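This is what each chain is made of:
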Amino acid sequence: MEFLLGYRPLFDVFLLHTGYALGQYIVLRAGVFSVANAGLSSIGAYLAAGLTLKLGVHPYLSLLAGTLAGVVFALLLSWPLARLRGVYQAIATLAFVQVVLSVNVFAEPLTGGAMGLNGIPRVVGTWTLLIAVGATIYLMTAIGATRLGRAFDAVRQDEAVAVSLGVSVTRTQSVAFAISGAVAGLFGGLEAFHGYALEPNQFGFSFLVAILSYVVLGGRRSVIGPVVGTAVLVALPEIARPLAEYRMLVYGALLVAVIAYLPRGIVDTLLDYLRRQHMAARAASTAGRQS
Amino acid sequence: MKGLSLQGVCKRFGGVTAADEITLDVPAGRVTGLIGPNGAGKTTIVNLITGMLALSAGRIVFDGRDISALGADRISRLGFARTFQNIRLFKEASVVDNLLIGFHKLQQSSLVSNILGLPAARAETARIRAMAHDLLQRFDMSRFADFPAGGLSYGHQRRVEMMRALAASPTVLLLDEPVAGMNDVEAAELGRIFLEVAASGIAVLLIEHNIRFVTRLCEQVHVLDYGRVIASGTPRQVMSDPAVIAAYLGS
Amino acid sequence: MIVQQLLNGLVVGGVYALFALGFTLVFGIHQILNLAHGAVFMTGAFIALYTVLAGWPLWLGFILAIAGSGLLSVLIEVVAFRKLRQSGEAEFGAIVSSIGVNLIIVTVAQKVSNTLVLRFPFDTFPIVIYEFFGLRVSALQLFMAACAVALVLLLTLYLYRTQFGRQVRAVAGNERAAKLLGINPDLVYFQTFFLSGALAGAAGVLVGLAFNSIHFMMGEPWLLRGFVVIILGGLGSIPGAMLAGLLFGMIQTMTIAYFPSGLTDAIIFSLLFLLLLIRPHGLLGRPEAGAMRGR
């Protein structure tokens with residue numbers, strides 16, 4: 001039992017990062033190559049922490065504000081991004097993250113600058129995180145089973161076809177953006193109320209790279225993909241602890257290896273394999289019945 | 001009856017005129033043919049009609065309404081459906097999943113109920129899933145329901161594309177070389193379906209190379225060459241037109 | 001004073017051009033955004049540094065840096081990108097794979113350098129300052145400018161005048177067609193990645209000399225600003241990267257000189273965002289780039 005409790009902080013990190021990963025996932029699922037979530041989480045985190053620390057707002061309300069801020073900024077971003085595609089969207093959203101980071105460091109009176117904010121009340125524990133992640137997973141799965149999820153998949157796979165079937169690409173991608181903004185803002189706020197302190201660089205380029213990696217490693221289509229990807233990459237530095245300074249090397253090597261051999265991600269590749277086995281079995285039994 | 005009408009439609013790409021003063025009608029209840037050698041501009045016309053390309057000049061009128069400037073998804077929602085020259089199915093998704101997206105236009109569930117996965121949204125999905133299975137049955141494809149679309153034979157893939165286009169009960173159906181590469185038997189079966197579809201009041205535009213096929217199905221045929229309509233009339237008239245013969249065989 | 005700033009900016013711009021050229025070359029030809037490019041740049045600086053620290057002349061360090069970075073870049077291609085050529089997930093996969101490679105290289109550099117910030121020995125490059133028309137130019141700045149010009153000329157000659165270069169451009173246009181014509185894509189990949197790495201390595205040495213702060217993370221800010229340069233020039237455009245590099249050097253210098261230093265990044269990246277909004281194909285890129293078709 002103590003052994004497990006010792007891992008609680010790591011589990012919390014896993015939960016938080018799964019939330020971030022799911023936020024990244026939903027926007028990629030709709031074919032939007034956005035990496036803005038790092039910036040959106042930063043906004044959500046700082047707003048939530050700031051409201052409580054400086055204005056005494058109740059943390060739950062602050063969390064709500066953070067989530068809404070994520071939505072608002074995401075929608076604001078989605079409008080100019082609507083006419084860009086692929087790599088250009090990625091770079092534009094990367095620029096957004098850098099701007100947020102830079103303004104954050106500069107606006108010292110508000111954000112504490114490079115030193116960040118301290119003394120944030122720890123209101124969020126493992127159970128809150130579990131509920132938040134559970135709710136997010138539910139939402140993502142639910143969306144997948146409805147018209148919206150199908151629209152996401154259509155726009156991602158073939159825009160021209162989607163449009164010819166009456167799907168509005170701008171609207172669909174804006175919705176995806178908004179949802180990802182909500183998730184990003186929420187989990188940014190949760191992180192703020194869990195970790196006592198915030199500093200701007202925790203939402204910088206490395207963070208952006210990490211959450212992208214969770215999704216690409218685990219799989220971009222199924223909802224479980226990001227969860228698995230996060231689990232693997234969060235656990236890895238712990239498992240590789242004996243390797244000390246070489247942990248990050250192993251992390252990098254893992255990314256390269258998975259992309260080379262399982263380019264669609266661990267979970268998606270596995271699901272495809274299982275589905276093909278299932279198809280083959282059905283085909284065999286149909287053939288058997290016919291002969 | 002809802003018919004489609006192109007009036008003096010032009011499309012220029014820089015110095016190239018892909019479509020030049022195209023005037024033709026696609027009346028409801030009939031199959032209208034559009035034929036012409038490769039590169040004549042047939043797919044361009046479909047793209048212009050469906051809103052994938054902007055017109056350089058002219059008008060497109062549907063049911064008395066000028067749709068020339070509408071966006072592609074808007075036009076689709078007015079009741080337009082099309083198939084593509086190269087089959088564009090979602091290869092990794094199952095046949096049923098490919099059809100489900102075909103019903104997108106018909107669905108009414110609110111955004112909120114979709115995001116939260118409320119019963120209304122789920123019930124709607126169940127309903128259109130049933131409709132998809134009905135469609136599969138009508139096309140005798142039920143046994144392929146859960147197959148990945150990319151694993152089907154060419155002829156079957158074409159059928160799936162057809163089903164997807166018909167799923168939302170369109171009023172205008174644009175078919176871009178739907179039987180290319182099929183043998184006569186398969187083509188004839190699809191041809192029967194086109195006639196049925198037209199008979200139910202839909203305006204069908206059929207773009208094809210297979211002249212025998214077009215002759216059997218269409219009362220009215222337009223011939224395109226280098227972006228211009230060079231002949232219009234019944235198949236027999238058009239086939240004996242020297243300009244048409246020259247275009248296909250070279251003079 | 002402004003002219004002095006512009007001059008300084010121009011010199012830094014030359015280095016940006018070298019960095020961006022390699023970056024845009026690989027993207028233009030292979031549609032791969034190589035996020036390990038900054039690590040290659042850093043490696044060039046390290047190679048030159050260690051060569052000089054070992055007692056050998058700077059010019060040797062320079063050559064070794066260029067060769068070493070080129071080879072490293074080729075190695076990256078083999079390890080991170082080769083397997084992806086067939087699969088349809090290339091765009092994403094390549095980016096994440098390059099992130100992994102970047103991590104590996106940076107970790108190794110960290111270990112080798114013991115996480116220290118290193119400098120070239122004091123007299124590695126003669127400290128001479130020339131004055132003319134009231135402007136001050138150091139010998140190092142002249143050297144940087146000369147290197148940039150020389151390397152760019154060599155690259156242009158190579159791409160537009162040799163057979164290898166033609167093959168590179170052919171593969172850029174259509175890999176399958178090029179293969180059918182008997183061109184070996186592997187050889188082409190080798191060359192483009194080598195060139196890309198060599199240029200980055202050269203830039204790394206110059207930066208190492210100029211700013212005298214060599215450490216395992218030095219590539220990251222350059223990579224991030226590299227994005228601005230390649231978009232400004234037009235993704236995939238070689239003349240664009242050159243022009244944009246110079247322009248950006250000047251823009252950056254002016255921004256640092258006339259705005260609060262904390263806002264430099266905010267300004268630069270806001271400009272990038274604006275650029276993507278208004279003219280994603282940059283100065284010399286193809287107009288269809290980045291845009292959507294339809295009404």
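As the structure is a prediction and not an experimental result, all values here were calculated from the model.

Novice: Is there a simple way to explain the overall build of chain B in this structure?
Specialist: Along its length, chain B carries ten helices and ten strands. For 251 residues, the compact-globule estimate of 2.2 N^0.38 gives 18 Å, and chain B sits close to it at 19 Å. Seen through its C-alpha atoms, chain B measures out along the principal axes to roughly 65 × 40 × 35 Å. By residue count, 45% of the 251 residues in chain B fall in the buried class. A separation threshold of at least 6 residues defines the contact pool for chain B, and within that pool the share at least 24 residues apart is 68%.

Novice: Sorry if this is basic, but what is going on with the overall build of chain C here?
Specialist: Helices and strands together make up the secondary structure of chain C, namely eleven helices and two strands. Helices (α) and strands (β) of chain C occur, in sequence order from the N terminus, as α-α-α-α-β-β-α-α-α-α-α-α-α. Relative to the 2.2 N^0.38 estimate, which gives 19 Å for 295 residues, the radius of gyration of chain C is 19 Å and therefore close to what a compact globule would have. With the C-alpha coordinates of chain C rotated into their principal frame, the extents come out at 55 × 50 × 35 Å. Taken across its 295 residues, chain C has 51% of its residues classed as buried.

Novice: Quick question: what am I supposed to make of the domain arrangement of chain B here?
Specialist: Accessible area lost upon the coming together of the parts is a frequently used measure of interface size. Residues and elements named next belong to chain B. Looking at the assigned domains, one finds that chain B contains domain 1 (1–79 + 170–251) and domain 2 (90–164). Taken together, the contacts link seven residues of domain 1 with five residues of domain 2. Taken together, the elements giving at least two residues each to the side of domain 1 that touches domain 2 come down to α2 (72–77) and α7 (184–199).

Novice: I keep staring at helix α2 (residues 37–53) of chain C and nothing clicks. Help me out?
Specialist: Owing to its 3.6 residues per turn, the α-helix brings residues three or four apart onto one side. All names here are of chain C. Its 17 residues give α2 an end-to-end C-alpha distance of 25 Å, which sits within 8% of 24 Å, the value for a rise of 1.5 Å per residue. In terms of burial, α2 is largely enclosed, as 15 of its 17 residues are buried. Backbone geometry just downstream of α2 places Gly 55 in the positive-phi region, at approximately 100 degrees.

Novice: I'm lost on the interface of chain A and chain C in this one. Help?
Specialist: Counting residues at the interface gives 36 residues for chain A, matched by 39 residues for chain C. Those elements that place two or more of their residues in the side of chain A that touches chain C are α5 (86–106), α11 (205–218) and α13 (247–261) of chain A. A per-element tally of the side of chain A that touches chain C places α5 of chain A first, with 14 residues. Taken together, the residues of the side of chain A that touches chain C sort by class into 27 nonpolar, five polar and four charged.

Novice: I would appreciate a short explanation of the sheet that holds strand β4 (residues 57–62) of chain B in the present structure.
Specialist: Where strands meet in a sheet, backbone hydrogen bonds hold them as pairs that are either parallel or antiparallel. Residue and element names in this part refer to chain B. If you trace the four strands from one edge of the open sheet to the other, you get β2-β1-β4-β5, paired in antiparallel fashion. Edge positions in the sheet fall to β2 (16–26) and β5 (65–66), since each has one partner strand and no second. Inspection of the sheet shows strand β1 (residues 4–13) paired to β4 by five bridges, in the antiparallel sense. Within β4, the position partnered with Leu 4 by the bridge is Phe 62. Together, β1, β2 and β4 form the strand contacts of helix α1 (residues 42–50), whose direction differs from that of β2 by roughly 70 degrees.

Novice: Would you explain the interface of chain A and chain B in this entry?
Specialist: Between chain A and chain B, the residue contacts involve 24 residues of the former and 27 residues of the latter. Secondary-structure elements contributing two or more residues to the side of chain A that touches chain B are α7 (126–144), α8 (147–157), α9 (159–164), α10 (169–195) and α14 (266–290) of chain A. With six residues, α8 of chain A is the single largest residue contributor to the side of chain A that touches chain B. Its residues assigned to classes, the side of chain A that touches chain B shows 15 nonpolar, six polar and three charged.

Novice: Hey, could you run me through the packing of helix α9 (residues 219–233) of chain C against helix α10 (residues 238–258) of chain C in this one?
Specialist: The packing of two helices is summarised by the inter-axis angle and the distance between the axes. Residue and element names in this part refer to chain C. Two elements in contact, α9 and α10, have axes separated by 7 Å at closest approach and are oriented at 125 degrees. Considered as vectors, α9 and α10 are oriented oblique to each other. Considering only the axes of α9 and α10, their crossing is right-handed. Counted together, Val 228, Val 229, Ile 230, Leu 232 and Gly 233 of α9 and Gly 240, Ala 241, Leu 243, Ala 244, Gly 245, Leu 247 and Phe 248 of α10 form the full contact between these two elements. Looking at the contact of α9 with α10 residue by residue, the class counts come to nine nonpolar, three polar and no charged.

Novice: What is the right way to look at unusual backbone geometry in this model?
Specialist: When glycine is set aside, most residues are seen to have a negative phi, and most peptide bonds are trans. Residues and elements named next belong to chain B. In this model, Glu 21 sits at a positive phi of 50 degrees, which is unusual for a non-glycine residue. By secondary structure assignment, the location of Glu 21 is in strand β2. The class for Glu 21 is partly exposed, based on 15 C-beta atoms found within 10 Å.

Novice: Teacher, can you tell me more about the nonpolar core here?
Specialist: Generally speaking, a soluble globular protein has its nonpolar side chains buried in company with each other. In terms of nonpolar packing, the biggest core is built from 270 residues, with Val 204 and Leu 206 of chain B touching the most fellow members. When residues of this core are sorted by domain, at least three fall in each of domain 1 (1–79 + 170–251) and domain 2 (90–164) of chain B.

Novice: Explain the sheet that holds strand β6 (residues 80–82) of chain B to me, please; I cannot follow it from the model alone.
Specialist: Residue and element names in this part refer to chain B. Pairing within the open sheet is mixed, and its six strands lie in the order β6-β7-β8-β3-β9-β10. Across the chains shown, the open sheet's two edge strands, defined by having one partner strand only, are β6 and β10 (228–233). The mean angle between the axes of side-by-side strands here comes to 20 degrees, regardless of whether they run parallel or antiparallel. Sheet topology places β6 next to strand β7 (residues 172–176); three bridges connect them, and they run parallel.

Novice: Which parts of the structure should I look at to understand the pairing of β2 of chain B?
Specialist: One face of the sheet, then the other: side chains in a regular strand alternate in exactly this way. All names here are of chain B. Relative to β2, β1 is paired through seven bridges, and the arrangement is antiparallel. By the bridge assignment, Val 9 is partnered in β2 with Ile 22. From the end of β1 to the start of β2, which pair antiparallel, there are two residues, and Gly 14 there has a positive phi angle of about 60 degrees.

Novice: Quick question: what am I supposed to make of the confidence of the model for chain C here?
Specialist: Any region with low pLDDT has predicted coordinates that should not be read closely. Residues and elements named next belong to chain C. Of all residues in chain C, 93% attain a pLDDT of 70 or more, and the chain-wide mean is 87. Mean pLDDT across the elements of chain C ranges from a minimum in helix α6 (residues 163–173), with 71, to a maximum in α2, with 95. Reported confidence for the predicted complex is 0.89 by ipTM and 0.90 by pTM.

Novice: Whenever I open this one, α9 of chain C confuses me. Can you help?
Specialist: For α9 of chain C, which comprises 15 residues, the first-to-last C-alpha distance of 20 Å matches the rise-based estimate of 21 Å (1.5 Å per residue) to within 8%. Of the residues one or two after α9 of chain C, Gly 234 of chain C is the one with positive phi, at around 105 degrees.

Novice: What is the right way to look at the pairing of β4 of chain B in this model?
Specialist: Residues and elements named next belong to chain B. Bridge count between β4 and β5: two bridges; the pairing is antiparallel. When the sheet's bridge partners are listed, Val 61 is paired in β5 with Asp 66. In this structure, the hairpin formed by β4 and β5 is closed by a connection of two residues, where Asp 63 is found at a positive phi of approximately 50 degrees.

Novice: Sorry, what's going on with the environment of Arg 122 of chain A here?
Specialist: Take Arg 122 of chain A: it is sitting in the loop between α6 (108–111) and α7. Each residue touching Arg 122 of chain A, except ones within four places of it in the same chain, is listed here: Phe 193, His 194 and Tyr 196 of chain A.

Novice: Whenever I open this one, the environment of Pro 200 of chain A confuses me. Can you help?
Specialist: Residues and elements named next belong to chain A. As for its placement among the helices and strands, Pro 200 is situated in the loop between α10 and α11. Classification of Pro 200 by C-beta neighbours within 10 Å gives buried; the count is 24. The contact partners of Pro 200, leaving out residues within four places of it in the chain, are Leu 101, Asn 104, Val 105, Ala 114 and Gly 116.

Novice: Before we go on, may I ask you to explain the packing of helix α2 (residues 8–29) of chain A against α7 of chain A in this structure?
Specialist: Residues and elements named next belong to chain A. It is the contact of α2 with α7, at a shortest axis distance of 10 Å, that shows an interaxial angle of 25 degrees. Taken together, the axes of α2 and α7 are roughly parallel relative to one another. Both α2 and α7 take part in a crossing whose hand is left-handed. Residues Arg 8, Phe 11, Asp 12, Leu 15, Leu 16, Thr 18, Gly 19, Leu 22 and Ile 26 of α2 touch α7, and the partners they reach there are Thr 126, Leu 129, Leu 130, Ala 132, Val 133, Thr 136, Ile 137 and Met 140. Its residues assigned to classes, the contact of α2 with α7 shows eleven nonpolar, four polar and two charged.

Conventions and cut-offs
- One numbering rule holds for all chains: residues counted from 1, following each sequence as written.
- For this description, chains carry letters from A and ligands carry numbers from 1, given in the order in which they are written.
- Residues qualify for local features only when their pLDDT is at least 70, as the model is predicted, and side-chain atom pairs are given and counted only at 80 or more; totals for whole chains, interfaces and linings, by contrast, use all residues.
- Segments assigned H or I by DSSP are reported as helices when at least four residues long, segments assigned E as strands when at least two residues long, and all are numbered from the N terminus.
- To get the radius of gyration, use the C-alpha atoms; to get the globule rule, take the number of residues to the power 0.38 and multiply by 2.2 Å.
- Remark: C-beta atoms are placed from the backbone, and a residue is labelled buried if 20 or more other C-beta atoms sit within 10 Å of its own, exposed if 12 or fewer do, or partly exposed between those counts.
- For every residue pair, C-beta atoms are placed from the backbone, and the pair is scored as a contact if these atoms sit within 7 Å.
- Per the annotation, domain bounds derive from an automatic or database assignment of domains.
- Expected span of a helix: the number of residues minus one, times 1.5 Å.
- Here the term charged refers only to Asp, Glu, Lys and Arg, the term nonpolar to Ala, Val, Leu, Ile, Met, Phe, Trp, Tyr, Cys and Pro, and the term polar to all other amino acids, Gly among them.
- Here a strand pair is declared whenever DSSP counts at least two bridges between the two strands.
- In this description, a line fitted to the C-alpha atoms serves as the axis of each element, helices being fitted only across the stretch in contact, and the angle between N-to-C directions of two axes falls anywhere from 0 to 180 degrees.
- Angle categories are assigned with fixed cut-offs, so that under 35 degrees is roughly parallel, over 145 is roughly antiparallel, 65 to 115 is roughly perpendicular, and the rest are oblique.
- Should the near helix be turned counterclockwise from the far one by less than a right angle, the crossing is left-handed, whereas a clockwise turn marks it as right-handed.
- Residues enter a nonpolar core if they are buried, belong to Ala, Val, Leu, Ile, Met, Phe, Trp, Tyr or Cys, and are joined to the set through C-beta atoms within 7 Å.
- Confidence scores here are pLDDT values: one per residue, from the predictor, ranging 0 to 100.

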